[in-house]
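# Fold and geometry: a report
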Amino acid sequence: MQTKVMDANSPEAIELAARLFSQGQLVGFPTETVYGLGANALDPQAVLSIFAAKGRPADNPLIVHIWRREQLEGLCEIPQGAEQLMDAFWPGPLTLLFPRTERVPKEVTAGLPTVAIRMPSMPCTRKLLQACDLPIAAPSANRSGRPSPTLASHVLEDMDGRIPLILDGGECQVGLESTVLDLTHGEPTILRPGGITKEMAEEVLGREVALAGSILRPLQEGEVALSPGMRYKHYAPQGNVTLVEGEEAAVVRALRENCLLDRQAGKSSCVLCFTEHMEALADCDPHDIGSIQDQAQVAHRLFDTLRQLDQEGRETIYSEVVPPEGVGLAVMNRLGRAAAFRTMKV
Ligand code: AMP
Ligand code: MG
């Protein structure tokens, strides 16, 4: 199959994508979080082909994307608190879990009684969802286990020859996947941190929001994953990533020492550091993850940086960390998994 790449803002591209969706085919498309690999959520065969194209385990459910709230009718019930969160954060990077009806194919939810739904905000995504007016099931458009795509070229890297069309909408603004929040099990709980933070949700709900235990650590043996995606190895580059934590000057020193030691041992090694430390680490092939002052910028760049490490064939990588607060929690959730939570305290 030949994979066509078209400008996401061209009317012809949107028309073609909408037609492909109605025919049960797959399309890679941009959103404000990451690129998605979409299919008609009401077509079980189409949904199954998403799993095949990604190499995704069948027990990892998908997020359904809509452009207007009326599309919820007939698909799900609305749990308490959901209206307030939708008023505040839709369209935007917040996915909510809803008790589902029989109309949602079990292939979408991996047999779970809830369905995850989100309303993206990127204008071209909204146009696409409006043009087809179908609920679109879409996980991130990467091959399973690879970093999520934040550029059309990342989608092409992973999906060339597997899908008929990729819409190119440039860089994804947020750069990390949506926040997944569960209101269906009593205490509101964030299963996956993202651009909408715990503090933002708490302000709207007027009550405390819990964080799933496995956000900043691996799942323990026998622990049930509230969000099945947490079970799988995610976002891991081929090389070994080590996070370095501690006082600023000591971290910069440790990054440099470890990188240069590995080089002496013949390994291809590099560092991920803040813009402010690029100069001090100039002899370590530093990758700029953004300013120490700007967590949103670090989020925006993270996945592209992780993909570059593989392209460069890095064997060991030493990285700075951000405080796990606000959007920083989402960054550390992804970076922690990329490092298999290997941390050096200095
Ligand atoms: P992706 O869009 O590829 O990042 O994957 C969707 C994420 O949403 C995965 O981590 C899933 O585990 C999670 N998810 C989707 N549906 C549900 C659900 N019904 N319950 C819990 N987590 C879900
Ligand atoms: Mg994914």
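When its secondary structure is counted, the protein chain shows 10 helices and 16 strands. In terms of overall dimensions, the protein chain is globule-like: its C-alpha atoms have a radius of gyration of 20 Å, near the 20 Å expected for 346 residues. The dimensions of the protein chain, computed from C-alpha atoms along their principal axes, are 60 × 50 × 35 Å. A burial count over the protein chain gives 56% of its 346 residues as buried. The long-range fraction of contacts in the protein chain, counting pairs at least 24 apart against all pairs at least 6 apart in sequence, stands at 66%. Total accessible area on the protein chain is roughly 14,500 Å²; 49% of this is exposed by carbon and sulfur atoms. Treating the 32 positive side-chain charges of the protein chain as one cloud and the 45 negative ones as another, the clouds have centres 5 Å apart.

By the element assignment, Arg 100 lies in the loop between strand 5 (94-99) and helix 4 (106-109). In this structure the C-alpha to C-alpha distance between Arg 100 and Ile 136, which are 36 residues apart in sequence, comes to 15 Å. Those residues within four positions of Arg 100 in sequence are excluded, and the remaining contacts are Leu 75, Cys 76, Thr 109, Gly 111, Leu 112, Pro 113, Thr 114 and Val 115. Side-chain polar atoms of Arg 100 contact the backbone oxygen of Leu 112, separated by 2.8 Å.

Let's shift gears to the sheet that holds strand 5. The strand order 1-8-2-3-7-4-6-5-9-10-11 describes an open sheet built from 11 strands, whose pairing is mixed. Strand pairing shows two members of the sheet lacking a second neighbour, strand 1 (4-7) and strand 11 (210-211), which therefore form its edges. The sheet contact formed by strand 5 and strand 6 (residues 114-118) spans 4 bridges and is antiparallel. Of the residues in strand 6, the one forming a bridge with Leu 97 is Ala 116. Those strands touched by helix 2 (residues 44-54) are strand 3 (36-40) and strand 7 (136-137), and its axis lies near 155 degrees from that of strand 3.

Pairs may arise between side chains of opposite charge once their charged atoms sit close together. As enumerated under the stated definition, the model contains 20 salt bridges in all. The salt bridge involving Asp 310 is made with Arg 146; its shortest N-O contact spans 3.5 Å. Taken together, the positions of Asp 310 in helix 9 (residues 295-311) and Arg 146 in the loop between strand 7 and helix 6 (152-159) put the pair 164 residues apart, joining distant regions of the chain. When its relative accessible area of 15% is taken as the criterion, Asp 310 is described as buried. Where Glu 245 meets Lys 345, a salt bridge forms, and the shortest distance between an N and an O atom there is 3.8 Å. Here Lys 345 lies in strand 16 (residues 343-345) and Glu 245 lies in strand 12 (residues 240-245), a separation of 100 residues in the sequence. A relative accessible area of 67% means that Lys 345 is categorised as exposed. Put simply, Arg 146, Glu 157, Asp 158, Arg 307 and Asp 310 are held in one network by salt bridges that share partners.

This brings us to the packing of aromatic side chains. Taken as a whole, this structure holds 2 aromatic pairs when the rule is applied. Residues Phe 21 and Phe 29 carry aromatic rings whose centres are separated by 6.4 Å and whose planes lie at 90 degrees to one another, so their mutual orientation is edge-to-face. Side by side, Phe 21 and Phe 29 carry an identical accessibility label, which is buried.

Time to look at the sheet that holds strand 13 (residues 269-273). A sheet is described by the order of its strands in space; here 5 strands give the open sequence 14-13-15-12-16, paired in parallel fashion. In this open sheet, the two edge strands, each paired with only one partner strand, are strand 14 (287-288) and strand 16. Here strand 13 pairs with strand 15 (residues 316-319) via 4 bridges, running parallel. Its bridge partner lying in strand 15, Leu 272 is registered against Ser 319.

Now for the packing of helix 1 (residues 11-22) against helix 5 (residues 123-132). Viewed as axis vectors pointing N to C, helix 1 and helix 5 meet at an angle of 50 degrees, and their least axial separation amounts to 9 Å. As the angle between them shows, helix 1 and helix 5 are arranged oblique. Here helix 1 runs over helix 5; the crossing is right-handed. Side by side, helix 1 and helix 5 meet where Ile 14, Ala 17, Ala 18 and Phe 21 of the first sit next to Cys 124, Lys 127, Leu 128, Ala 131 and Cys 132 of the second.

This part is about the pairing of strand 5. The element strand 5 is extensively covered by neighbouring structure, given that 5 of its 6 residues are classed as buried. Pairing of strand 5 with strand 9 (residues 179-182) involves 4 bridges; the strand directions are parallel. Across the sheet, the residue bridging to Leu 97 is Asp 182, located in strand 9.

Per the stated rule, a full pass over the model turns up 0 disulfides. Free cysteine Cys 172: the closest other cysteine sulfur is in Cys 124, separated by 9.3 Å. A relative accessible area of 1% means that Cys 172 is categorised as buried. Residue Cys 259 stays outside any disulfide, its sulfur separated by 4.0 Å from that of Cys 284, the closest cysteine. Overall, Cys 259 belongs to the buried group, its relative accessible area being 0%.

Thresholds applied
- Residues numbered from 1 in each chain as written.
- Chains lettered and ligands numbered in written order.
- Predicted model: local features only at pLDDT ≥ 70, side-chain atom pairs only at ≥ 80, totals over all residues.
- Heavy atoms only, no water.
- Helix = DSSP H or I, 4+ residues; strand = E, 2+ residues; numbered from the N terminus.
- Rg over C-alpha atoms; globule rule 2.2 N^0.38 Å.
- Buried < 20%, exposed > 50% of the residue type's maximum accessible area, 1.4 Å probe, protein only.
- Contact = heavy atoms within 4.5 Å.
- Areas by Shrake-Rupley, 256 points an atom, 1.4 Å probe, with all protein chains shown as cover.
- Lys, Arg positive; Asp, Glu negative; His and termini not counted.
- Charge placed at Lys NZ, Arg CZ, Asp CG, Glu CD.
- Polar contact = N/O pair within 3.5 Å; in protein donor to acceptor, adjacent residues only side chain to side chain.
- Pairing = 2+ DSSP bridges.
- Axes fitted to C-alpha atoms, helices over the stretch in contact; angles between N-to-C directions.
- Salt bridge = Lys/Arg side-chain N within 4 Å of Asp/Glu carboxyl O.
- Phe/Tyr/Trp six-rings, centres within 6.5 Å; stacked < 30°, edge-to-face > 60°.
- Parallel < 35°, antiparallel > 145°, perpendicular 65-115°, else oblique.
- Left-handed = near helix turned anticlockwise from the far one by under 90°.
- Disulfide = S-S within 2.5 Å.

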